[in-house]
Amino acid sequence: MDTICAVSTPHGMGGIAVIRVSGDEALDIVQQRWQGMSLCEMASHTAHLGHIIDSQGELLDEAVLTLFRAPNSFTGEDVVEISCHGSMWIQQQIVSTLIDAGCRAATGGEFTQRAFANGKLDLSQAEAIADVIASQSRASHHVAMNQMRGAFSRQLSSLRSQLLQFVSLIELELDFSEEDVTFADRSRLTTLATEIKKVIDSLAGSYQAGNAIKNGLPVTIVGPTNAGKSTLLNTLLGDDRALVSDIKGTTRDVIEDTIVMGGALIRFIDTAGIRESSDVIESMGIERSFKKMDEARIVLWVVDATAPIAELEDFYKQIAEHCQDKAVIAVVNKIDSGDTQAIVKKLKGLDIKIAEISARKGTGVDQLKQEIITTAALPQVTDENAVIVTNARHYHALVRASEAIDRTLQGLATGLSGDLVSQDIRECMHYLGEITGEISTDDILGEIFAHFCIGK
Ligand SMILES: Nc1nc2c(ncn2[C@@H]2O[C@H](COP(=O)(O)OP(=O)(O)OP(=O)(O)O)[C@@H](O)[C@H]2O)c(=O)[nH]1
Ligand SMILES: [Mg+2]
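Residues numbered from 1 in each chain as written. Chains lettered and ligands numbered in written order. Predicted model: local features only at pLDDT ≥ 70, side-chain atom pairs only at ≥ 80, totals over all residues. Heavy atoms only, no water.

### Structural notes on the packing of helix α4 (residues 123–134) against helix α15 (residues 418–436)
Axis separation between α4 and α15 bottoms out at 5 Å; the angle between their running directions is 40 degrees. Judged by the angle between their axes, α4 and α15 are oblique. Contact residues: α4 offers L123, S124 and E127, while α15 offers E434, I435 and T436. (Axes fitted to C-alpha atoms, helices over the stretch in contact; angles between N-to-C directions. Helix = DSSP H or I, 4+ residues; strand = E, 2+ residues; numbered from the N terminus. Parallel < 35°, antiparallel > 145°, perpendicular 65-115°, else oblique. Contact = heavy atoms within 4.5 Å.)

Listed below in structure tokens is the structure:
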């Protein structure tokens, strides 16, 4: 393996920057540009102050070297980290002088890819590193951290080893096919497969929540024009994100942004007001409102307390049609200038949660936020061992694994021959192995690591 180097801190100027060098020649190459204690005398995991020079012997910077000897490093190879001053010029000069001395510039994610290749972490852990770096809330940080530390991998490897035992017994029978023996007690196998299916399904089932934790739980704000949806979005975000006016049909396209509430990331989506419209553009916007309503986990139906009550029930029919599997909160807005009593009474008859607010003045908005957090009911991720799937690739592999275990169960129930049952079990193992990278192709690896930045 050639020796690679890259700046691992963000692009730009900072107090310090870290340049990472990894590979068989890391010590030799850095030594050529180093004035200070000889690298071969340094113990692993120690830091040393010295000078970095260029090929002409000119001083580039005073820097600290940290040495990690193979295999006890992030990549599993010899690694030298150079902490230099954060000037862009210094960073570039050091990288270029290292390349001059025999390094190659690392490609995106190459350090992590080497760590994976050297068995320092599996694929799902490598992906979790990207998630840890990108995490925006306590919950997403916690889930990613758990995955990086291997909670998900351990669960998958336990499933795989149970399946392996299972399949070995069945395949043993095949070796003795002449003698018509059964080593594998079918009813025990059925119990085991049922257990395994339960675990796989519960992992797959955690994806909806996991996705919400990672990308923000979608909360769509809908209602008739001028109800105050955009005003509410701005108040919730604490930012003038959307245009507000007393002209009906101000918002024509979807506007969304995320904030962290109660430790979770919430994605608020403001939509075009729903009304009969002959305007083509506005109608397209309204179509999107319905689409976003379908995608939401929680729908905030904004009701204008100053508008005629007669329209309420008709509007609710449209909401109900699109929101069968989601939570709806009726948000009665403009309580500062309208009478809400009759409206609230009417809404109570519809059996939905009700919040009374003034989006403009902020009255009742804290209670509404609380209601959203409670309604979201995101799983408590403070549990050290909670495994929540947040990655679409993992989710799809789990769904396939579940289908394969379903076929296994059917096969067992119908007395299918051992070789066919074992094929389904092997397929299930294959999909689980895809998640951790035990089964992988260069295409999959390339696709995954291409999303990493250089230096990771
Ligand atoms: N009195 C009062 N007026 C409000 C309140 N919230 C919004 N408004 C006013 O209602 C009008 C419409 O507000 P918007 O937020 O643009 O309403 P919208 O629902 O986004 O409207 P469209 O985008 O046209 O569908 C504006 O004049 C707001 O100032 C409130 O709590 N009280
Ligand atoms: Mg609006």
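Still more ground to cover, so stick around.
### Considerations on the domain arrangement of the protein
Accessible area lost on assembly of the parts is the figure often given for the size of an interface. Structurally, the protein comprises domain 1 (4–117), domain 2 (134–206 + 387–437) and domain 3 (216–376). On a C-alpha basis, the centres of domain 1 and domain 2 stand 42 Å from each other. (Domains from an automatic or database assignment.)

### Section: the site of ligand 1
Ligand 1 sits among 23 residues. The nearest are K229, T231, T250, T251 and D336. One of the side-chain N or O atoms of D336 is found 2.8 Å from a nitrogen atom in ligand 1. At 3.0 Å, a backbone N or O of A359 approaches an oxygen atom of ligand 1. Bound to the protein, ligand 1 loses 93% of the 650 Å² it would expose on its own. It is helix α9 (residues 229–237) that contributes the most residues to the shell around ligand 1, three residues altogether. Tallied by class, residues from the shell around ligand 1 come to four nonpolar, 13 polar and six charged. (Near = heavy atom within 4 Å. Polar contact = N/O pair within 3.5 Å; in protein donor to acceptor, adjacent residues only side chain to side chain. Areas by Shrake-Rupley, 256 points an atom, 1.4 Å probe, with all protein chains shown as cover. Nonpolar A, V, L, I, M, F, W, Y, C, P; charged D, E, K, R; others polar.)

### Regarding the state of the cysteines
In protein structure, a disulfide is the covalent linkage between the sulfur atoms of two cysteines. Scanning the model with the defined rule gives zero disulfides in all. There is no disulfide at C103, and the cysteine sulfur nearest it, in C5, is 4.2 Å away. Note on C103: relative accessible area 7%, which makes it buried. (Disulfide = S-S within 2.5 Å. Buried < 20%, exposed > 50% of the residue type's maximum accessible area, 1.4 Å probe, protein only.)

### Digging into empty space enclosed by the protein
Considering all chains together, one arrives at two cavities of 30 Å³ or more under this definition. Taken as a whole, the largest cavity holds about 120 Å³ of empty space. In terms of lining, the largest cavity is formed by P224, W301, V302, V303, D304, A307, P308, I309, E311, L312, F315 and I343. If you list the elements that add at least two residues to the lining of the largest cavity, you get β11 (298–304) and α11 (312–322). Here the lining of the largest cavity takes four residues from β11, the largest share from any one element. Residue composition of the lining of the largest cavity, by class: ten nonpolar, no polar and two charged. For the second largest cavity, the calculated volume is near 40 Å³. (1 Å grid on protein atoms, 1.4 Å probe; cavity = no way out; pocket = protein on both sides within 12 Å on 5 of 7 lines; lining within 4 Å. Points joined across faces, edges and corners; volume = space filled by probe spheres on them.)

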